[in-house]
Each structure stands twice: as structure tokens, then as C-alpha cells.
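Take a look at the letters that make up each chain.
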Amino acid sequence: MIYFLHIHKSGGSTFVNLAMKNGEKLHQPNKNGNPYDEKDKIIPFWNYDKDKLLKFFDKKDFTFCANETCLKHLHTDPKIKYVTVLRHPLDTILSCYHHELNGAKSKISFDKFFSTKILLERNKLAMQKYEKNYFSGPLVYYLTGNDDASLAEERLRQFDAVIFLDNYDNDIKIMKKIAGWEILDVNKHRIGTRRNTEAKKELKKDAYEKVCKELKNDIDFYYKMKKKIKDGKFIN
């Protein structure tokens, strides 16, 4: 069983498609790897206790699950491979913004989007102490202090594979080692089409400086993890 922690706007849909190309079986029915029931409602397995959760994943009819909820107990079961893909915080924010604009009836400015959607959500999760999503919360533009960084690294070390989107071609090879995947080529337009350098070009100077200031802890943490993780695994 592979459990993929799908961090929003970080190439997750491509990873799910890659899993299917390699013959992984998804729960039926599902939406982008998320298990659904026959009434078209998502199965809230993240609320299960440890025994029920591990039993849920100990099935032969599906071998791959994707969800945006980090689970506390999966790393304790050696039969479950725990995987995630990380993306540079600036890339993530920019991608979230364009996702918000796509199909929107009225266009929202980046500054308003960042202030009302991102910072408010960060403050809300900070008050919850990341109980809902204790990994991707601290990592993806919600990092507010050193304690959060320590928590994020501690949880990140529980993963069997950590893939960086800006090093995808190399890091994805770890899936051959841990899951026997052979098909590793991906459709490039689906991942990493934006780079943090584009934020400089696309955003006004004051908006760019504001987001960099607010995301400083996240950006520093991202580069710190890139030094500690090589080829999908921690090296120290």
C-alpha cells in the first residue's frame, strides 16, 4: 500500500496518474485517489482510530491512496509506504493564486488573495495547533516559528520518500526502489511549470517582497530540507 500525502498545488495529480500507469489499484470509487463511498461521499478515514485505520488500508482491492490529510499512524506499519511531494513555497502560492483565478466570476488581486485566503487560513490553523493536518500545515505557508519547523521536520522524517518538485526527474526514481515502479516519465506541462523566479516577474515589487517576508520561515525550511534529503531520502 502506498499512501500519498497530496499537498495542494504540488504536482499531486500527476503523481496519482503515474501510480495508475504503474498498475496501482485505487479505491473504487475514488476521486483523484481519494476513497469515496457508493453515495459519492469521501470516506473520512482520517478520523479512524489506529486499529481501524490500519485495517482500512490492509485490503487487497486497492494499493494506492491519495489524500491531503497527514496520518499519525501509517509510518508504524512497514507494509504502508508513506510518500509526499514538496514544492517551493513561492511556486505553491503562485499556483494557488492562478487556480483561484481559473473560472472565477470576478478577478481577485494577488495581494487580496494572499491576505484574505492565505494569511487568515494560516492563523486559523495556528490556533488549532495543526491538529487537522499536522504536516502540510506547518510546511506549506503556515510556518510561524522555530517550533513549527522542528515539528515539520520530525513528521517529514516519517516518510519513506520525499520528492521535490523542482528535482522531480531524479527524485521520482525512488519509487522504483520502494514500489517497483517502472514508468517514471511524466507529462511535463502538469508539474513544475512555474518557478519561484516567475514570481519576481509576475508580481509587483511590493507584493513580491510581502510574500517573501511572510513566507521566510517556509522558504528557509524548504532549502534546509533540500540539504538534508537526497534522492528522496534523508541523508542526515
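Residues numbered from 1 in each chain as written. Predicted model: local features only at pLDDT ≥ 70, side-chain atom pairs only at ≥ 80, totals over all residues. Heavy atoms only, no water.

### Thoughts on the overall build of the chain
Phase 1: Along its length, the chain carries eleven helices and eight strands.
Phase 2: Expressed as a percentage of its 236 residues, the buried residues of the chain come to 49%.
Phase 3: Long-range contacts, defined here as pairs at least 24 residues apart, represent 67% of the contacts in the chain between residues at least 6 apart.
Phase 4: Accessible surface computed for the chain: about 12,700 Å², of which carbon and sulfur atoms make up 48%. (Helix = DSSP H or I, 4+ residues; strand = E, 2+ residues; numbered from the N terminus. Buried < 20%, exposed > 50% of the residue type's maximum accessible area, 1.4 Å probe, protein only. Contact = heavy atoms within 4.5 Å. Areas by Shrake-Rupley, 256 points an atom, 1.4 Å probe, with all protein chains shown as cover.)

### Describing unusual backbone geometry
Note on backbone geometry: most residues besides glycine have negative phi, and most peptide bonds are trans.
Phase 1: At the junction of Gln-28 and Pro-29, the peptide bond is cis and its omega measures out at 0 degrees in the coordinates.
Phase 2: Tracing the backbone shows Pro-29 in the loop between helix H1 (12-21) and strand E2 (30-31).
Phase 3: At Asp-40, a residue that is not glycine, the phi angle is positive and equals roughly 65 degrees.
Phase 4: Mapped onto the elements, Asp-40 comes out in the loop between strand E3 (34-35) and helix H2 (50-57).
Phase 5: Accessibility expressed as a relative area gives 48% for Asp-40, which makes it partly exposed.

### As for the confidence of the model for the chain
Phase 1: On average, residues of the chain score 80 in pLDDT, and 78% of them reach the 70 mark or higher.
Phase 2: Averaged pLDDT values over the elements of the chain bottom out at 43 in helix H5 (residues 136-139) and peak at 96 in E2.
Phase 3: A low-confidence stretch, residues 127-143 (pLDDT under 50), is modelled with 64 contacts involving residues beyond four sequence positions or located in other chains. (pLDDT = per-residue confidence, 0-100.)

### A short note on the side chain of Arg-87
Phase 1: Relative to the helices and strands, Arg-87 resides in the loop between strand E5 (81-86) and helix H3 (89-101).
Phase 2: Buried and unpaired, Arg-87 has no salt bridge, with Asp-91 as the nearest side chain of opposite charge at 4.5 Å.
Phase 3: A distance of 2.6 Å separates the side chain of Arg-87 from the backbone oxygen of Lys-9, its partner in a polar contact.
Phase 4: Within the structure, the side chain of Arg-87 is placed 3.4 Å from the side chain of Ser-95, a separation counted as a polar contact. (Lys, Arg positive; Asp, Glu negative; His and termini not counted. Salt bridge = Lys/Arg side-chain N within 4 Å of Asp/Glu carboxyl O. Polar contact = N/O pair within 3.5 Å; in protein donor to acceptor, adjacent residues only side chain to side chain.)

### Digging into the packing of aromatic side chains
Phase 1: Scanning the entire structure with this criterion turns up 17 aromatic pairs.
Phase 2: Consider the rings of Tyr-3 and Tyr-82, whose centres lie 5.9 Å apart with planes at 45 degrees: the pair is tilted. Here the residue Tyr-3 occupies a position in strand E1 (residues 2-5), and Tyr-82 occupies one in strand E5, the gap between them amounting to 79 residues. The same class applies to Tyr-3 as to Tyr-82, namely buried.
Phase 3: Ring pairs connect the aromatic residues Tyr-3, Phe-45, Trp-46, Tyr-48, Phe-56, Phe-57, Phe-62, Tyr-82 and Phe-159, which therefore count as one cluster.
Phase 4: Above the plane of the ring of Tyr-48 lies Lys-52, whose end atom (NZ or CZ) is 4.3 Å from the centre.
Phase 5: When the ring centre of Phe-164 is taken as origin, the NZ or CZ atom of Lys-226, which lies over that ring, is 5.6 Å away. (Phe/Tyr/Trp six-rings, centres within 6.5 Å; stacked < 30°, edge-to-face > 60°. Lys NZ or Arg CZ within 6 Å of the ring centre and 35° of its normal.)

### Some words on the pattern of salt bridges
Phase 1: In total, this model carries eight salt bridges according to the counting rule given.
Phase 2: Where Glu-153 meets Lys-224, a salt bridge forms, and the shortest distance between an N and an O atom there is 3.8 Å. Residue Glu-153 is found in helix H6 (residues 146-156), and its partner Lys-224 is found in helix H11 (residues 216-228); the two are separated by 71 residues along the sequence.
Phase 3: What makes Glu-153 buried here is its relative accessible area of 11%.
Phase 4: A salt bridge links Lys-228 to Glu-153; the nearest nitrogen and oxygen atoms lie 2.9 Å apart. Taken together, the residues Lys-228 in helix H11 and Glu-153 in helix H6 connect sequence positions 75 residues apart.
Phase 5: Salt bridges linked by common partners bring Glu-153, Arg-157, Lys-224 and Lys-228 together as one network.

### Brief notes about the pairing of E1
Phase 1: In E1, alternate side chains face the same way, and those of Ile-2 and Phe-4 on one face and Tyr-3 and Leu-5 on the other are all buried.
Phase 2: Here E1 runs beside strand E4 (residues 64-67); their pairing, made up of four bridges, is parallel. By the bridge assignment, Phe-4 is partnered in E4 with Ala-66.
Phase 3: Bridge analysis of E1 against E5 gives four bridges, and the strand direction is parallel. Within E5, the position partnered with Tyr-3 by the bridge is Tyr-82. (Pairing = 2+ DSSP bridges.)

### Considerations on helix H10 (residues 205-214)
Phase 1: Of all the positions in H10, only Ala-207, Tyr-208 and Val-211 are classed as buried. Viewed end-on, H10 has its buried residues packed into an arc of 100 degrees, placing them on one side of the element. Those residues of H10 that are exposed and angled more than 90 degrees off the buried face are Lys-205, Asp-206 and Lys-213. (Arc of directions from axis to C-beta.)

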